[in-house]
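One-letter residues, chain by chain:
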Amino acid sequence: MNPSVSKVLVIGGGFSGMSVCIELRKYGIEVDLVEIDPNWRAEGAGISIGGATLRAFKTLGILDEYLKIGSAHSGLDVHAPHGVHLAHIPTPLIGDPDIPSSGAIMRPALAKILAEKTKASGANVRLGITFTEIKQGIDGAEVTFSDGTMYTYDLVIGADGLYSQVRKTQFPEAAEPKYVGQGVWRAVLPRLPEVNNTMMWVGQHIKAGLNPMSKDQMYMFVTQDNAPGTWIKGEEALVKLKDIMQAFPAPMLQQVAGMLDEHSYINYRPLENLLVPTPWYKGRVVLIGDTVHGTTPHLASGACIGIEDAIVLAEELAHKPSLNEALETFQNRRWERCRMVVENSGRLAQIEIEGGDKQEHMGIMRDSMMALAQPI
Ligand SMILES: Cc1cc2nc3c(=O)[nH]c(=O)nc-3n(C[C@H](O)[C@H](O)[C@H](O)COP(=O)(O)OP(=O)(O)OC[C@H]3O[C@@H](n4cnc5c(N)ncnc54)[C@H](O)[C@@H]3O)c2cc1C
């Protein structure tokens with residue numbers, strides 16, 4: 001093995017950026033990671049995890065840590081707003097007896113597992129720092145940082161998320177994320193004993209779900225169409241969420257509505273997506289994760305495809321004889337799967353907003369989960 005790069009800069013320490021550090025270090029490649037947040041925080045509620053994500057965790061070497069803290073379960077149960085059970089959608093097994101087909105975990109808990117693994121990998125992590133300039137040359141990319149330092153790299157990996165500055169400066173022609181017409185509420189709650197797998201209640205224009213995250217915790221999500229630019233925060237969020245939940249007379253959701261109070265973690269955010277057409281690289285700069293394929297959470301697979309990008313990119317850099325070949329093969333291996341997740345998730349949002357065909361909705365969910373179970 002003769003990697004086509006020996007020194008790499010990763011900009012952005014989210015799930016995609018941390019994963020690429022871990023994978024590159026396995027091939028002996030020197031890695032610097034810069035993360036703009038001095039506290040390297042990952043805020044938020046639960047994150048749903050499919051079998052493909054758990055397979056990626058096994059590759060990263062964090063599956064055991066995940067299973068100690070997070071939840072592993074299987075299947076998705078769909079109900080009408082009054083509570084009538086409509087369908088059970090099996091979540092496909094990946095073909096490895098170690099790997100469950102579904103799960104969920106608190107986002108900060110997953111970020112902590114990945115951050116520990118990143119530090120242990122030997123990557124040089126610099127917090128509270130970003131780039132100010134990237135100058136590409138024949139022998140390397142010269143990067144100036146916000147603390148005044150300057151280093152030269154064989155490759156710069158932009159993993160700085162949906163509003164990426166690497167994309168803005170190096171790929172100025174790329175489109176920006178677009179609001180899809182829907183927002184999502186999320187709340188963290190004590191786990192009800194009946195919540196043993198993902199459960200959804202699907203109304204005409206609104207959908208609620210519960211997912212267990214650990215022995216003691218579950219999270220709730222509710223999608224709702226709203227005018228562009230709607231942000232709901234603080235006390236107003238509690239009042240509005242309780243109000244929205246009146247659309248779900250199902251006894252379990254009414255019980256959950258009663259559990260919400262001013263101490264509950266409640267978050268609302270508008271949903272955006274972005275699919276940047278290839279090429280995802282220019283010379284010595286390549287983009288991964290949400291920088292090129294930011295998705296709405298309808299298939300709960302945004303983190304999955306970003307982490308998979310990291311695994312595939314490291315593999316190609318380690319095995320292809322030239323940087324150009326490695327980057328070209330990387331994007332060709334990733335494009336179709338990432339396009340499928342962003343576009344199918346967007347279609348699910350559209351069906352929900354329009355009160356469209358529920359059979360089509362369930363069919364897209366089932367087909368997408370089957371496609372995600374395929375090898376990368
Ligand atoms: C509401 C919601 C729910 C979701 N639920 C799920 C789910 O259940 N399952 C799932 O798989 N996916 C889910 N996703 C998608 C998932 O969260 C993202 O796809 C994933 O977090 C993307 O990771 P990333 O590392 O590519 O980007 P990010 O998580 O955005 O990480 C980018 C990192 O770069 C840093 N950064 C930003 N700018 C700079 C800069 N200039 N310099 C240096 N560092 C910088 C940031 O601080 C951050 O640490 C959800 C998304 C949303 C919006």
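Here, every reference points to the structure presented above.
Structure report, in brief.

## Considerations on the overall build of the protein chain
Link 1 in the chain: In terms of helices and strands, the protein chain carries ten helices and 20 strands.
Link 2 in the chain: Viewed in the frame of its principal axes, the protein chain has a C-alpha envelope of about 65 × 45 × 35 Å.
Link 3 in the chain: Residues classed as buried in the protein chain amount to 45% of the 376 residues present.
Link 4 in the chain: Taking the contacts inside the protein chain whose residues are at least 6 apart along the sequence as the reference set, 74% of them involve residues at least 24 apart.

## Concerning the site of the ligand
Link 1 in the chain: Around the ligand, a shell composed of 31 residues is seen, among which Gly12, Gly14, Gly161, Gly289 and Gly302 lie nearest.
Link 2 in the chain: Within the residue set of the shell around the ligand, elements represented by two or more residues are helix 1 (15-26), strand 2 (30-35), strand 3 (46-50) and helix 8 (302-319).
Link 3 in the chain: The dominant element in the shell around the ligand, judged by the number of residues it contributes, is helix 8, at four residues.
Link 4 in the chain: Of the residues belonging to the shell around the ligand, the class tally is twelve nonpolar, 14 polar and five charged.

## Remarks on the packing of helix 9 (residues 323-354) against helix 10 (residues 358-373)
Link 1 in the chain: Interhelical geometry of helix 9 versus helix 10 gives an angle of 165° and a closest axis separation of 10 Å. On the basis of their axis angle, the class for helix 9 and helix 10 is roughly antiparallel. For helix 9 against helix 10, the interelement crossing comes out left-handed. Counting all contacts with helix 9, which are made through Met340, Asn344, Arg347, Leu348 and Ile351, the residues of helix 10 involved are Glu360, His361, Ile364, Ser368 and Ala371.

## Quick look at the sheet that holds strand 7 (residues 102-106)
Link 1 in the chain: Judged by pairing direction, the sheet is antiparallel, and its three strands sit side by side in the order 3-7-4 without closing on themselves. Each having just a single partner strand, strand 3 and strand 4 (71-73) make up the two edges of the open sheet. Adjacent strand axes in the sheet meet at a mean angle of 20°, parallel and antiparallel pairs treated alike.
Link 2 in the chain: Both strand 4 and strand 7 contribute to a ladder of three bridges, which runs antiparallel. Counterpart to His73 in the pairing with strand 7 is Ser102.

## Focus: the nonpolar core
Link 1 in the chain: Membership of the largest hydrophobic core comes to 103 residues, with the highest contact counts inside it found for Val8, Val10, Val20, Val156 and Ile157.
Link 2 in the chain: If sequence neighbours within four positions are ignored, Val8 has contacts with Leu24, Ile29, Val31, Tyr153, Asp154, Leu155 and Ile157.

## Considering the environment of Met369
Link 1 in the chain: Here Met369 lies in helix 10.
Link 2 in the chain: Taking the C-alpha atoms as reference, Met369 lies 30 Å from Gln246; in sequence the two are 123 residues apart.
Link 3 in the chain: Excluding residues within four positions of it along the chain, Met369 makes contact with Gly50, Thr91 and Pro92.

## Thoughts on the pairing of strand 2
Link 1 in the chain: Burial within strand 2 is extensive, with five of its six residues counted as buried.
Link 2 in the chain: Relative to strand 2, strand 1 (residues 7-11) runs parallel, the two being bridged by five bridges. Opposite Lys7, over in strand 2, you have Glu30 as the bridge partner.
Link 3 in the chain: Traced from strand 1 through helix 1 to strand 2, the parallel crossover comes out right-handed.
Link 4 in the chain: Summarising the sheet, strand 2 and strand 8 (residues 124-127) pair through four bridges and their orientation is parallel. In the sheet register, Val34 faces strand 8, and the bridge partner there is Arg126.

## Description of helix 8
Link 1 in the chain: Here helix 8 is 18 residues long and its end C-alpha atoms lie 26 Å apart, about the 26 Å a rise of 1.5 Å per residue gives.
Link 2 in the chain: Among the 18 residues in helix 8, 14 count as buried, and that is most of the element.

## With respect to the sheet that holds strand 10 (residues 141-145)
Link 1 in the chain: Read from one edge to the other, the open sheet built from three strands follows the order 9-10-11, with strand pairing classed as antiparallel. The strands lining the two open edges of the sheet, one partner per strand, are strand 9 (131-136) and strand 11 (150-153). With strand direction ignored, the average angle separating the axes of adjacent strands in the sheet is 20°.

## A look at the environment of Ser71
Link 1 in the chain: Within the secondary structure layout, Ser71 lies in strand 4.
Link 2 in the chain: Note on Ser71: 26 C-beta atoms within 10 Å, which makes it buried.
Link 3 in the chain: For Ser71 and Ile22, which are 49 residues apart along the polypeptide, the C-alpha to C-alpha distance reads 23 Å.
Link 4 in the chain: With near-sequence residues (within four places) excluded, Ser71 lies in contact with Gly103, Ala104, Ile105, Pro212, Met213 and Ser214.

## Topic: unusual backbone geometry
Glycine aside, a negative phi is what most residues show, and trans is what most peptide bonds show.
Link 1 in the chain: Here the amide bond leading from Thr278 into Pro279 is cis, since omega sits at 5°, within 30 degrees of zero.
Link 2 in the chain: Residue position: Pro279 is located in the loop between strand 17 (265-275) and strand 18 (281-282).
Link 3 in the chain: For Trp40, which is not glycine, the phi dihedral falls at a positive 45°.
Link 4 in the chain: On the secondary structure map, Trp40 appears in the loop between strand 2 and strand 3.
Link 5 in the chain: Accessibility expressed as a C-beta count within 10 Å gives 18 for Trp40, which makes it partly exposed.
Link 6 in the chain: Here Ala300, not a glycine, exhibits a phi torsion of approximately 50°, which is positive.
Link 7 in the chain: Relative to the helices and strands, Ala300 is located in the loop between strand 20 (293-294) and helix 8.

What counts as what
Position labels on residues start from 1 in each chain and follow its written sequence. pLDDT decides what is reported in this predicted model: residues at 70 or higher carry local features, side-chain atom pairs at 80 or more are listed and counted, and totals for whole chains, interfaces and linings draw on all residues regardless. Comment: elements are numbered from the N terminus, with helices defined as DSSP H or I runs of at least four residues and strands as E runs of at least two. Counts of 20 or more other C-beta atoms within 10 Å of a residue's own C-beta define buried residues, counts of 12 or fewer define exposed ones, and intermediate counts define partly exposed ones; C-beta atoms are placed from the backbone. Residue pairs are scored as contacts if the distance between their C-beta atoms, which are placed from the backbone, is within 7 Å. We call a residue near a molecule or strand if the C-beta atom, set from the backbone, is within 6 Å of it. Under the grouping applied here, Gly and all other residues not named as nonpolar or charged are polar, the nonpolar ones being Ala, Val, Leu, Ile, Met, Phe, Trp, Tyr, Cys and Pro and the charged ones Asp, Glu, Lys and Arg. The convention used is that axes are lines fitted to C-alpha atoms, helices contributing only their stretch in contact, and that angles between N-to-C directions extend from 0 to 180 degrees. Orientation categories follow fixed angle ranges, with anything under 35 degrees roughly parallel, anything over 145 roughly antiparallel, 65 to 115 roughly perpendicular, and all other angles oblique. We call a crossing left-handed when the near helix sits turned anticlockwise from the far one by less than a right angle, and right-handed when that turn is clockwise. Criterion used throughout: strands pair if DSSP finds at least two bridges between them. Nonpolar core, as used here: buried Ala, Val, Leu, Ile, Met, Phe, Trp, Tyr and Cys residues forming one set through C-beta atoms within 7 Å. For the handedness criterion, the strands are oriented away from the viewer, and a crossover whose path from the first strand over the helix to the second runs clockwise is classed as right-handed. The span expected for a helix works out to 1.5 Å for each residue beyond the first.

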